[in-house]
Amino acid sequence: MWKSVEAAPADAILGLTEAFKKDSNPGKVNLGVGVYKDGDGRTPVLECIKAAERKLVEAEDSKGYLPISGSPAYAAHVQKLIFGAGSESIASGRAATLHTPGGTGALRVGADLLRQFKPEAKVWMSAPTWANHKGIFAAAGFAIGDYPYYDAATKGVDFGAMLAALEKVPAGDIVLMHVCCHNPTGADLSPEQWDRVVAAASAKGWIPFLDFAYQGFGDGIDADRLPVEKFAAAGLDFHVASSFSKNFGLYNERTGALTIVCPTAAEADVAMSHAKVTVRVNYSNPPAHGGLAVCGVLDDAVLRKQWIGEVAAMCDRIKAMRGALVDGLAARGVAQDFSFIKAQRGMFSFSGLSDPAVAWLRENKAIYIVKGGRINVAGLTTGNIDYVCDAIAEALKG
């Protein structure tokens, strides 16, 4: 049946990684895929996870299915992380959380759920956004629109244009937003700007959908959840898709969550009942191991403290690489100002490199960067930073 069907194009980011793997250049550098790398260029297993997994293996006595919504203990930990342990949203029971296969699974479950009850709604996304966002919501059947976000001239958020657009979004439409460490730009809103966005959502009646994939990689575990707390305090209906791929290093365990926040506990119960139906006809129930490992860390005071330290160390390494890139390019006499990279947050940076420069770096230096110039700063190490700075300087001078 496939003889007359054209092959689908490769994923823009994962396809780049496949090309990187096939490259025989020993000095090749992958700055494309959004996966944390340590100083040796590896994606590590956190020590706290190793300890929790050892306990889990010793104590585990069944591989039976989890409930459709996942472990209640896992859901409780997710809520404490995204709202804060003393949150009114938790105490009142007006938040319902499902364990999902990664943050991507959370986005898709939320999209399918909203599509069932908001079939005429349009989903608005930042320009730009993570490439898979549009694919996920389009596959669920939604029409997609953009709102202004990144200002290429200032290398920051064009907040005036963003807010003006959000104030025109019709009631009942859905607005997708990155909570912190915006992917792909690395440019985030200030607390005061979030206040104005929450006010716009309250006044206009659109539904916020928050993508929270990088908690701890911005200003810290607690500080990064501030936008979620602001939306919760406003008493709005909204969704949060969260992920433990980055901050627990559980990439291949696909460990995420969808949290549906409602004005009342009764409404949250209704939402959960329909969310379970959505899950049942999709993957039936979530994979257990990653969630159990997370619970093992967060249930143990010693391991929890160790986890917070490991997340802080990853964040500090990324910040150090941002500084090394900016200083390295300046030291090589590059005329273009890259100082804005130090102010960006999280793993990603809209580097300001043009598509011709990106293509030249790949073809001549085996440095792999996503079209548009987005780089994964975590792909930089003390071992490759000089090579990368030399290559960028050569590309820009050419």
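Before reading on, note that the structure itself is shown above.
Residues numbered from 1 in each chain as written. Predicted model: local features only at pLDDT ≥ 70, side-chain atom pairs only at ≥ 80, totals over all residues. Heavy atoms only, no water.

### Points about the overall build of the chain
A count of helices and strands for the chain gives 15 helices and 13 strands. For 398 residues, the compact-globule estimate of 2.2 N^0.38 gives 21 Å, and the chain sits close to it at 21 Å. Taken along the three principal axes of its C-alpha coordinates, the chain extends 65 × 55 × 55 Å. Counting the 398 residues in the chain, one finds 54% classified as buried. The long-range fraction of contacts in the chain, counting pairs at least 24 apart against all pairs at least 6 apart in sequence, stands at 75%. For the chain, the accessible area works out to roughly 17200 Å², and carbon and sulfur atoms hold 55% of it. Of the side chains in the chain, 40 bear a positive and 42 a negative charge, and the two mean positions are spaced by 3 Å. (Helix = DSSP H or I, 4+ residues; strand = E, 2+ residues; numbered from the N terminus. Rg over C-alpha atoms; globule rule 2.2 N^0.38 Å. Buried < 20%, exposed > 50% of the residue type's maximum accessible area, 1.4 Å probe, protein only. Contact = heavy atoms within 4.5 Å. Areas by Shrake-Rupley, 256 points an atom, 1.4 Å probe, with all protein chains shown as cover. Lys, Arg positive; Asp, Glu negative; His and termini not counted. Charge placed at Lys NZ, Arg CZ, Asp CG, Glu CD.)

### Remarks on the sheet that holds strand β4 (residues 143-148)
Spatial ordering of the open sheet is given by β2-β10-β9-β8-β7-β3-β4, a layout of 7 strands whose pairing is mixed. Looking at strand neighbours, the two that pair on one side only are β2 (95-101) and β4, the edges of this open sheet. Averaged over neighbouring strand pairs, the angle between their axes works out to 25 degrees when direction is ignored. One ladder, built from 5 bridges, connects strand β7 (residues 174-178) with strand β8 (residues 207-212); its direction is parallel. Bridging from a neighbouring strand, methionine 177 pairs with leucine 210 of β8. Running over the sheet, helix α3 (residues 72-83) touches β2, β8, β9 (238-243) and β10 (255-261) and is turned about 70 degrees from β10. (Pairing = 2+ DSSP bridges. Axes fitted to C-alpha atoms, helices over the stretch in contact; angles between N-to-C directions.)

### Looking at the pairing of β7
The element β7 is extensively covered by neighbouring structure, given that 5 of its 5 residues are classed as buried. A crossover links β7 with its parallel partner β8, the connecting element being helix α8 (residues 191-204), and its sense is right-handed. (Right-handed = clockwise from strand over helix to strand, strands pointing away.)

### Some thoughts on a nonpolar patch on the surface
On the surface, a nonpolar cluster with roughly 430 Å² of combined accessible area is contributed by Met1, Trp2 and Val5. Within the secondary structure layout, methionine 1 lies in the segment before α1 (14-22). Residue classification places methionine 1 among the exposed positions, given a relative accessible area of 81%. (Patch = residues over 30% accessible without salt bridge, like charges linked within 9 Å, V, L, I, M, F, W, Y side chains within 5 Å. Salt bridge = Lys/Arg side-chain N within 4 Å of Asp/Glu carboxyl O.)

### Focus on the environment of isoleucine 318
Take isoleucine 318: it is sitting in helix α12 (residues 301-331). In the structure, isoleucine 318 is positioned 279 residues away from glycine 39 in sequence and 9.7 Å away in space, judged by C-alpha atoms.

### Considerations on the pattern of salt bridges
Under the criterion given, the structure shown has 18 salt bridges. Across the pair arginine 332 and aspartate 386 runs a salt bridge whose closest N-O atoms are separated by 3.3 Å. Taken together, the positions of arginine 332 in the loop between α12 and α13 (340-343) and aspartate 386 in helix α15 (residues 385-397) put the pair 54 residues apart, joining distant regions of the chain. Looking at aspartate 386, the relative accessible area reads 48%, which means it is partly exposed. Here arginine 332 makes a salt bridge to aspartate 390, at a shortest N to O gap of 2.5 Å. With a gap of 58 residues between them, arginine 332 in the loop between α12 and α13 and aspartate 390 in helix α15 connect regions that are remote in the sequence. Classification of arginine 332 as partly exposed rests on a relative accessible area of 22%. Three or more residues joined by partner-sharing salt bridges are found here, namely Asp38, Asp40 and Arg42.

Bear in mind that shape data such as this cannot, by itself, settle questions of function.
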